[in-house]
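Topology and contacts: notes
Spelled out, the chains give:
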Amino acid sequence: MLSKEDNELITRVGPGTPMGEMYRRYWVPACLSSELPEPDCDPIRVRLLGESLVAFRATDGRIGLLPENCAHRGASLFFGRCEEGGLRCLYHGWKYDVEGNVLDTPCELPGSVVKDRVKHVAYPVQEHGDIAWAYMGPLEKMPAFPEFQWTTVPATNRTVKKVLEECNWLQSLEGAMDPPHPMVLHDGRDVMRYPDDQAHLRRQGSGLEVVDTRYGLCHIATRPSAQDPERSVAVTIHPFVAPFTSYITGPAIEFGGRGAITGGPQHWGVHLFVPADDHNNYYYEVRYHPAKAIEPDDEERFLVPGVDIDGTGRKIKRRLENDYLQDRDAMRAKRTFSGFDGKPHEDIAMIESMGPIYDRTKEHLGNSDVVTIALRRRLIKAVRDFLEGGDPPGLDPSIPYESLAGITIEVPAGAPWTDADADLADYLALDEPPKVAAGQR
Ligand code: FES
Ligand SMILES: [Fe+2]
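The structure displayed is predicted, hence computed values, not measured ones.

**Topic: the packing of helix H5 (residues 169-176) against helix H9 (residues 343-353)**
Remark: H5 packs on H9, axes separated minimally by 9 Å, with the N-to-C direction vectors making an angle of 135°. When the axes of H5 and H9 are compared, the pair comes out oblique. Helix-helix and strand crossings are classified by hand; for H5 and H9 the assignment is right-handed. The segment H5 lies against H9, with Gln 171, Ser 172 and Gly 175 engaging Asp 347, Met 350 and Ile 351. Looking at the contact of H5 with H9 residue by residue, the class counts come to 2 nonpolar, 3 polar and 1 charged.

The structure is reproduced here in structure tokens:
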């Protein structure tokens, strides 16, 4: 559990809050590039870190991100006209460029200088990996954009989706970094299929470890190898990049092969959980592969644009109000464990049902919650260090983001995974020596 103070410290992200100010030191996803498909297209509303903003793509293709309320007398710029290098407010016609300069004030009388005196707030925007990223912090602290591997692969080798999750961002992140729950929530058929005297046939549990890194942490699951359970252990390493990025799947690496890739899943996965405000966050689901185009797979049917989510990422089919269309008959007939159709909706039902901001003073953690505990401890430390004048984690340009991925490696039973590869520590930018927190499930 957390104290009320610590729960507030790491969940609240509005302007002036400790975590909110720390968030503003990173490049943060504001919207998908595809939401602003062409120059002078319709502007869109953006809710980000508790601020109501409007984004537009100007005639030269650059994206502007301004507070939604006009600097003149506050009408919404969302209703404005985007044309000829700027966004014009409908009310009295003030027109802004992407830097917030006032280009025109048609109602002003001769001699007015208000156009030259007023500048609207404008957050810098850069596009990388099909996402428009905003920087909302002090300009003198603006870091270079970290070139993640997934943002640099060709566009055909990547898909990005966005879903509005109606709960605090930390609930979503904790759910993505929660090794125990898939065995039940997503694979509950195992629990149903085998009676207790055949429990050994259920999926094997695994060891869990966590190491702190300069960018956040890695959580590591070890389980007997599927190919050779007597002699090998499969070690899966999931980096977490503070404050909102969780690496899910990635390549299989050869033991002792100095990072040589031997296989891995069809696509590699990264999840980002970006606070819209304290009670809502955007889940960006990224699939990518460095060497091949992404093929649609069965999972696609659960987050279909126009069917499951609208153009802004809002859920239109399965929602808390309709109990996510849970099918109790199918549960009774053991056709499904959860009654929810599809993994994303199973996750969303659990994290949204915890309430807008879960009160972590009420929980009871076990030894399978080691990653959750480590994640919170890491975030609390990061915010406290930041409050004392330190830099947030992960902004050091020497961190090798271009190689960071979730990886799996087969290690001889009994050998520590830290010995698995001479380059592993560099590859994952692990601190030396790794400080390991362990648990099990
Ligand atoms: S409120 Fe926008 S121009 Fe007056
Ligand atoms: Fe899940």
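**What about unusual backbone geometry?**
Residues Ala 242 and Pro 243 are joined by a peptide bond in cis, for which omega reads 0°. You can see Pro 243 is positioned in the loop between strand S14 (232-241) and strand S15 (245-249). With phi around 55°, Tyr 324 is a residue other than glycine that occupies positive phi space. Relative to the helices and strands, Tyr 324 resides in the loop between strand S19 (280-288) and helix H8 (328-332). You can call Tyr 324 buried: it has 23 C-beta atoms within 10 Å.

**Details of H9**
By the burial criterion, the buried members of H9 are Pro 344, His 345, Glu 346, Asp 347, Ile 348, Ala 349 and Ile 351. Gly 355 sits one or two positions beyond H9 and adopts a positive phi of about 100°.

**Observations regarding the sheet that holds strand S1 (residues 27-32)**
Adjacent strands of a sheet pair through backbone hydrogen bonds, lying either parallel or antiparallel. Spatial strand order, S1-S10-S9: 3 strands in an open sheet with antiparallel pairing. The open sheet has two edge strands with one neighbour each: S1 and strand S9 (125-128). Averaged over all neighbouring strand pairs, the angle between strand axes comes to 35°, with direction disregarded. Direction of pairing for S9 relative to strand S10 (residues 131-135): antiparallel, over a ladder of 4 bridges. Across the sheet, Glu 127 pairs through a bridge with Ala 132, a residue of S10.

**Some words on H5**
Extensive coverage of H5 is indicated by the burial of 8 of its 8 residues. Within the span of H5, buried status applies to Trp 169, Leu 170, Gln 171, Ser 172, Leu 173, Glu 174, Gly 175 and Ala 176.

**Some points on the nonpolar core**
Ranked by internal contacts, the top residues of the largest apolar core, which has 93 residues, are Val 28, Ala 30, Ala 55, Leu 65, Ala 132 and Ala 134. With 7 residues, the single largest contributor to this core is helix H10 (residues 370-387). Two domains each donate at least three residues to this core, and these are domain 1 (27-141) and domain 2 (149-440). Among residues more than four places away in sequence, those in contact with Val 28 are Tyr 23, Leu 48, Leu 49, Trp 133, Ala 134, Met 136 and Val 274.

**Considering the environment of Asp 308**
You can see Asp 308 is positioned in the loop between S19 and H8. If sequence neighbours within four positions are ignored, Asp 308 has contacts with Phe 302, Leu 303, Lys 315, Ile 316 and Lys 317.

**Side note on the sheet that holds strand S6 (residues 86-88)**
Ordered in space as S5-S6-S7-S8, the 4 strands form an open sheet in which the pairing is antiparallel. The sheet is open, and its two borders are formed by strand S5 (81-83) and strand S8 (102-104), each paired with just one other strand. In this structure, S6 lies alongside strand S7 (residues 95-96), joined through 2 bridges in antiparallel fashion. Each bridged residue has a counterpart across the sheet, and for Arg 88 the counterpart in S7 is Lys 95.

How each quantity is defined
- Residues numbered from 1 in each chain as written.
- Chains lettered and ligands numbered in written order.
- Predicted model: local features only at pLDDT ≥ 70, side-chain atom pairs only at ≥ 80, totals over all residues.
- Axes fitted to C-alpha atoms, helices over the stretch in contact; angles between N-to-C directions.
- Helix = DSSP H or I, 4+ residues; strand = E, 2+ residues; numbered from the N terminus.
- Parallel < 35°, antiparallel > 145°, perpendicular 65-115°, else oblique.
- Left-handed = near helix turned anticlockwise from the far one by under 90°.
- Contact = placed C-beta atoms within 7 Å.
- Nonpolar A, V, L, I, M, F, W, Y, C, P; charged D, E, K, R; others polar.
- Buried ≥ 20, exposed ≤ 12 C-beta atoms within 10 Å, placed from the backbone.
- Pairing = 2+ DSSP bridges.
- Core = buried A, V, L, I, M, F, W, Y, C linked by C-beta atoms within 7 Å.
- Domains from an automatic or database assignment.

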